[in-house]
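Descriptive structure summary
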Amino acid sequence: MIQIRKSWFELLKDEFQKEYFKNLQNFLKTEYANYEIYPCEQNIFNALNHVPLNKIKVVIIGQDPYHEPNQAQGLSFSVPENVDIPPSLVNIMKEIEDDLHIKCYKNGNLERWANQGVLLLNTVLTVRRGLANSHKDKGWEILTRKIIEIIGKRKEPAVFMLWGSYAQSFENLIDKQHLVLKAPHPSPLSAYRGFFGCKHFSKCNDFLTKNGQTPIDWR
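Here is a short report on the structure shown in this document. (Residues numbered from 1 in each chain as written. Predicted model: local features only at pLDDT ≥ 70, side-chain atom pairs only at ≥ 80, totals over all residues. Heavy atoms only, no water.)

Focus: the overall build of the protein
This is how the line gets drawn: Secondary structure elements follow DSSP: runs of H or I no shorter than four residues count as helices, runs of E no shorter than two count as strands, and numbering proceeds from the N terminus. When we talk radius of gyration, it's over C-alpha atoms, and the globule rule is simply 2.2 Å times the number of residues to the 0.38. The rule is simple: take the accessible area with a 1.4 Å probe, protein chains only, and divide by the maximum for that residue type; under 20% is buried, over 50% is exposed, in between is partly exposed. For this analysis, residues touch if any pair of their heavy atoms sits within 4.5 Å. With residues, only the protein chains shown are counted as cover, and all accessible areas are computed by Shrake-Rupley using a 1.4 Å probe.
Summing up its helical and strand segments, the protein has eight helices and six strands in all. Here the C-alpha radius of gyration of the protein, 17 Å, is about what a compact globule of 219 residues would show, namely 17 Å. With respect to the three principal axes, the spread of C-alpha positions in the protein is 45 × 40 × 25 Å. For the protein, with 219 residues in total, the buried portion stands at 52%. Partitioning the intrachain contacts of the protein with sequence separation of at least 6 by distance along the chain shows that 66% fall at a separation of at least 24. A total accessible area of about 10,500 Å² is found for the protein, and carbon and sulfur atoms account for 48% of it.

Written as structure tokens, this is what we have:
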């Protein structure tokens, strides 16, 4: 079940021994055996497998994976190239284009961001087909809270993009050396309340540049 980069395994191995995680593993074993669960098991820790702790420049916190077929790939907001771009990601790309005066690629596979040091972390890492939040409160949040805390205590500064009240609830785990950017969620229900015009992507790149890091190519 745990297919995770060795450096992250070392950081999290104590969590993997705790009762909550063992219970979560038992729950997932039953779920994968009896239902269609997303993402596939080897992609559960895809976000961490793309970016080791020392390479993280940006953290974007999502909620749980997409729950329709062929969408979830273990990266928050991301979908494979041949899949229609979901509404929230459409809005993210619109803000990027308006903010940075660039044109985004016309596909939703955000591995191109992950490969540059953007951690696309959902706080719940699995979901049952067609049932949003079906794996909420099963233990994932304890683990992902620990991950956010580890990054939040890291000395090297990073940028945290906290979109919506749920993501913003993790702000207290982030130390002062990091840049915390907050806005409403990019979903069509809330994007017009302040996500559009937030300019998080230029603010992020300015911060990275000032701290001697290469900015992200957000296309």
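Thoughts on the environment of Ser 7
On the secondary structure map, Ser 7 appears in helix H1 (residues 6-16). Remark: the alpha-carbon pair of Ser 7 and Leu 48, spanning 41 residues in sequence, is separated by 9.5 Å.

Re helix H8 (residues 200-210)
Regarding H8, the residues found buried are His 200, Phe 201, Ser 202, Cys 204, Asn 205, Phe 207 and Leu 208. Buried residues belonging to H8 abut strand E2 (58-62), helix H4 (87-100), strand E5 (159-163) and strand E6 (179-183). Following H8 by one or two positions, Gly 212 adopts a phi angle in the positive range, close to 75°.

Some details on the pattern of salt bridges
The condition that has to hold: By definition, a salt bridge exists where a carboxyl oxygen of Asp or Glu is found within 4 Å of a side-chain nitrogen of Lys or Arg.
Counted by the stated rule, this structure contains 11 salt bridges. Overlapping salt bridges bring together Glu 97, Lys 103 and Lys 106 as one network.

Quick look at the nonpolar core
Selection criterion: To define a nonpolar core, start from buried Ala, Val, Leu, Ile, Met, Phe, Trp, Tyr and Cys residues and group those joined through side-chain atoms within 4.5 Å.
Counting 68 residues, the largest nonpolar core has Val 58, Ile 60, Trp 140, Met 161 and Trp 218 as the members making the most contacts within it. Per-element tally for this core: the top contributor is helix H6 (residues 140-152), with six residues. Filtering out sequence-adjacent residues up to four positions away, Ile 60 remains in contact with Ser 76, Phe 77, Trp 113, Val 118, Leu 119, Leu 120, Leu 121, Met 161, Trp 163 and Trp 218.

Digging into the packing of helix H2 (residues 19-34) against H6
For clarity, the threshold we go by: Note on geometry: axes are lines fitted to C-alpha atoms, helical ones only across the stretch in contact, with angles between N-to-C directions running from 0 to 180 degrees. Just so you know how the angles are binned, under 35 degrees is roughly parallel, over 145 roughly antiparallel, 65 to 115 roughly perpendicular, and the rest oblique. Here the nonpolar group is Ala, Val, Leu, Ile, Met, Phe, Trp, Tyr, Cys and Pro; Asp, Glu, Lys and Arg are the charged ones; every other residue, Gly included, is treated as polar.
Remark: H2 packs on H6, axes separated minimally by 9 Å, with the N-to-C direction vectors making an angle of 125°. It follows from the interaxial angle that H2 and H6 lie oblique. Judged by residue contacts, Tyr 20, Phe 21, Leu 24 and Leu 28 of H2 engage Trp 140, Ile 142 and Leu 143 from H6. Considered class by class, the residues forming the contact of H2 with H6 number seven nonpolar, no polar and no charged.

Some remarks on the side chain of Glu 97
Relative to the assigned elements, Glu 97 resides in helix H4. Beyond its immediate sequence surroundings of up to four residues, Glu 97 is in contact with Ile 102, Lys 103, Cys 104 and Lys 106.

Looking at the pairing of E5
Going by this rule: At least two bridges found by DSSP between two strands is the condition for calling them paired.
In terms of burial, E5 is a largely internal element, five of the five residues being buried. A two-sided burial pattern is seen for E5, the buried positions comprising Val 159, Met 161 and Trp 163 on one face and Phe 160 and Leu 162 on the other. Inspection of the sheet shows E2 paired to E5 by three bridges, in the parallel sense. Opposite Val 58, over in E5, you have Val 159 as the bridge partner. Strand direction decides the pairing type here: E5 and E6, joined by five bridges, are parallel. Across the sheet, Phe 160 pairs through a bridge with Val 180, a residue of E6.

Here's the deal with the side chain of Thr 126
Rules: Polar contact is defined as a pair of N or O atoms within 3.5 Å, subject to the rule that within protein one atom must be able to donate a hydrogen and the other to accept it, and that residues adjacent in sequence are counted only when both atoms are side-chain atoms.
Inspection of the secondary structure puts Thr 126 in the loop between strand E3 (118-122) and strand E4 (127-128). A distance of 2.7 Å separates a polar atom in the side chain of Thr 126 from a polar atom in the side chain of His 135. Polar side-chain contacts of Thr 126 include one of 2.8 Å to the side chain of Trp 140. With near-sequence residues (within four places) excluded, Thr 126 lies in contact with Leu 28, Tyr 32, Ile 37, Tyr 38, Pro 39, Ile 44, Pro 65, His 135 and Trp 140.

Some words on the sheet that holds E6
By definition, the strands of a sheet pair up through backbone hydrogen bonds, in either a parallel or an antiparallel sense. Pairing is parallel in the open sheet, where four strands are placed in the order E3-E2-E5-E6. Looking at the sheet topology across the chains shown, the edges are occupied by E3 and E6. On average, each strand axis in the sheet is inclined to that of its neighbour by 20°, with strand direction left out of account. Sitting on the sheet, H8 touches E2, E5 and E6, and the angle it makes with E5 is about 165°.

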